[in-house]
Amino acid sequence: MSLIDDKSIFTAMKQNGPFAVTDDFTLDRSFSRQTRDWAELFGDDRLLVTKYRVVRAQVFDLLQIESFAEIPRLLADPVARAQRSERACLLLGKLFDITGSTSEIRSKIKEYAQTADAVINLMRRRLLAPYASHVETSNEIETTHDPVDLLLRVFDDRFHKKARFEAKRKLVLMNLAGSIDQRERETDIENKFYAFLEFLNRNVWSPKLKIGELETAYLLSRHDPDTFSCLSVKVISSAGRARLKDLGEGEKLTLLKRRVFQDGGRDIPVYVSVRKKDSAAKVLKLLRKNEKNPAVAVDDELGLMAVLDNVRDVKRFVRHMTRSAIKSGSLMTLEDISDTLTGGHFHSSSIGSSSQTQMLKFFARMGGMRVELIIHTNQSYLNYRFQRDIAHDEYEVERIFDSGVAEFLFPGDIYNLDMELIRQSLLDQFRRHIEDSGRLHENAA
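Residues numbered from 1 in each chain as written. Predicted model: local features only at pLDDT ≥ 70, side-chain atom pairs only at ≥ 80, totals over all residues. Heavy atoms only, no water.

**Focus on the packing of helix H8 (residues 147-154) against helix H9 (residues 161-187)**
Piece 1. Relative to each other, H8 and H9 sit at 140°, their axes nearing to 7 Å. On the basis of their axis angle, the class for H8 and H9 is oblique. Here H8 runs over H9; the crossing is left-handed. Listed contacts from H9 to Pro147, Leu150, Leu151, Arg153 and Val154 of H8 are Arg164, Ala167, Lys168, Lys170, Leu171 and Met174. (Axes fitted to C-alpha atoms, helices over the stretch in contact; angles between N-to-C directions. Helix = DSSP H or I, 4+ residues; strand = E, 2+ residues; numbered from the N terminus. Parallel < 35°, antiparallel > 145°, perpendicular 65-115°, else oblique. Left-handed = near helix turned anticlockwise from the far one by under 90°. Contact = heavy atoms within 4.5 Å.)

**Some details on the pattern of salt bridges**
Piece 1. Enumeration according to the criterion identifies 28 salt bridges in this entry.
Piece 2. The salt bridge involving Arg316 is made with Asp263; its shortest N-O contact spans 3.7 Å. Here Arg316 is found in helix H14 (residues 311-327), whereas its partner Asp263 is found in strand S3 (residues 251-263), with 53 residues between them in sequence.
Piece 3. Residue Arg316 is classed as partly exposed on the basis of its relative accessible area, which comes to 24%.
Piece 4. Residue Asp263 is classed as buried on the basis of its relative accessible area of 17%.
Piece 5. Across the pair Arg388 and Glu435 runs a salt bridge, and its minimum N-O distance is 2.7 Å. Separated by 47 residues along the polypeptide, Arg388 in the loop between helix H15 (378-386) and helix H16 (392-402) and Glu435 in helix H19 (residues 419-435) bring together distant segments of the chain.
Piece 6. Residue class for Glu435 comes out partly exposed when judged on its relative accessible area of 22%.
Piece 7. Taken together, the salt bridges that share partners define one network made up of Lys108, Glu111, Asp181 and Arg185. (Salt bridge = Lys/Arg side-chain N within 4 Å of Asp/Glu carboxyl O. Buried < 20%, exposed > 50% of the residue type's maximum accessible area, 1.4 Å probe, protein only.)

**As for the side chain of Ser206**
Piece 1. Within the secondary structure layout, Ser206 lies in the loop between helix H10 (189-204) and strand S1 (215-223).
Piece 2. Classification of Ser206 by relative accessible area gives buried; the value is 5%.
Piece 3. Not counting residues within four places of it along the chain, the set of residues in contact with Ser206 comprises Val260, Phe261 and Gln262.

**So, the environment of Val371**
Piece 1. Here Val371 shows up in strand S8 (residues 369-377).
Piece 2. Its relative accessible area of 1% is what places Val371 among the buried residues.
Piece 3. Sequence-wise, Val371 and Lys192 are 179 residues apart; in three dimensions their C-alpha atoms are separated by 9.9 Å.
Piece 4. Apart from the residues within four sequence positions on either side, Val371 is in contact with Phe196, Leu302, Gly303, Leu304, Phe362, Phe363 and Ala364.

**Structural notes on the packing of aromatic side chains**
Piece 1. Counted under the stated rule, the structure contains 12 aromatic pairs.
Piece 2. For the ring pair Phe10 and Phe408, a centre distance of 5.6 Å and an interplane angle of 70° mean the geometry is edge-to-face. Note that Phe10 is positioned in the segment before helix H1 (33-42) and Phe408 in helix H17 (residues 405-409), a separation of 398 residues in sequence. Just as Phe10 is buried, Phe408 falls in that class too.
Piece 3. Considering the side-chain rings of Phe165 and Tyr415, the 6.3 Å spacing of their centres and the 75° angle between planes classify their relative orientation as edge-to-face. Of this pair, Phe165 sits in helix H9 while Tyr415 sits in helix H18 (residues 412-415), and the two are 250 residues apart along the sequence. (Phe/Tyr/Trp six-rings, centres within 6.5 Å; stacked < 30°, edge-to-face > 60°.)

**Quick word on the confidence of the model for the chain**
Piece 1. Looking at the chain, the pLDDT average stands at 88 and 89% of residues meet or exceed 70.
Piece 2. pLDDT under 50 marks residues 440-445. Its contacts with residues more than four places away, or in other chains, come to 22 contacts. (pLDDT = per-residue confidence, 0-100.)

**Examining the side chain of Glu166**
Piece 1. Position of Glu166 relative to the elements: it lies in helix H9.
Piece 2. Within polar-contact distance, the side chain of Glu166 engages the side chain of Ser138 at 2.9 Å.
Piece 3. A polar side-chain atom of Glu166 sits 2.8 Å from a polar atom in the side chain of Tyr415. (Polar contact = N/O pair within 3.5 Å; in protein donor to acceptor, adjacent residues only side chain to side chain.)

Spelled out as structure tokens, the structure:
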């Protein structure tokens, strides 16, 4: 399901829908030629008309007006705007269950605006970095955090079409950020993340090493010239790395900084990445899933990725985790298990995900937390990094573009960008970077 097709739930953002931001518009003539054309385009779609009326009613309620014709007068009255802003702040505080004074509510709403800006800046600095100047948000919108000011700018013809679209986009993203913040407060995610890190440090990692102490190792791998899948891999030490000369054709060197856990009297190394999704990443996931409810779409707020030398060590690590949970006073149950490390295909509904991906994936429930674990062997991890049609960099491109998120945030008629051409250019660029055998691609863990 694409974010920009007829099944999109973000109707207000579509540039081919009833809320499209256009070059010319009027607020004070109900029976203008433009209004009649609009009715001819969308009047027969009853669901769309209903959605339009709902959104229109929300706009009127927030601005305390009865018709769009009242907006020009409100734009010219700073006292009335300040009063509307104060009332809107209290209403939004109730909507997102924000407690505290008006200033505290405003501070939280400003955080939502900053998250909205962070979503755009994340896209601009990463996937769309070559086009950063094209997609940069107008200064007048990025520096505005008040919802009433943003809403009025959508209808203020002194602003260019791009700026008016960006004001509307920021409001939509702020609404998602508010839902995410409310969900995080309800689930107490910050404290759970801290508790999970404490669990790992107290019960999982070897007591021989200090907290945060890592051992450096390198994966020297050889890759298939056609698919760039990993054919063989061996672990070498820092001393072995120093003795290496130039890499051969199809060879790569990958740095891993590994922790250690103990099992059966043995020290077993494991590279681990622990993460809590930030608000901007969660907003993007809601968009990719065409969903507004974070309780439904964002089920992987806490996550751990582990890389071990072989399947035998993977099994030991999983067993060590469950035993460590018992040691900490909680049962650990494993849910939604998917195991393709030893064959089979990975089944995922996520756009851009490959059925050839090898991993052990499950959710671990313990101590009131639900943590997503993705576990690799050295070989499957290198495939996850480098194999054609599987590599994570390529997956990032495909899921953002194929889900419609890129076009949704930066529509062609506003930004004059061909997202299909950009998608292919980025895939080619990442593939060249991955397969450049003349460089050492190291994972800075």
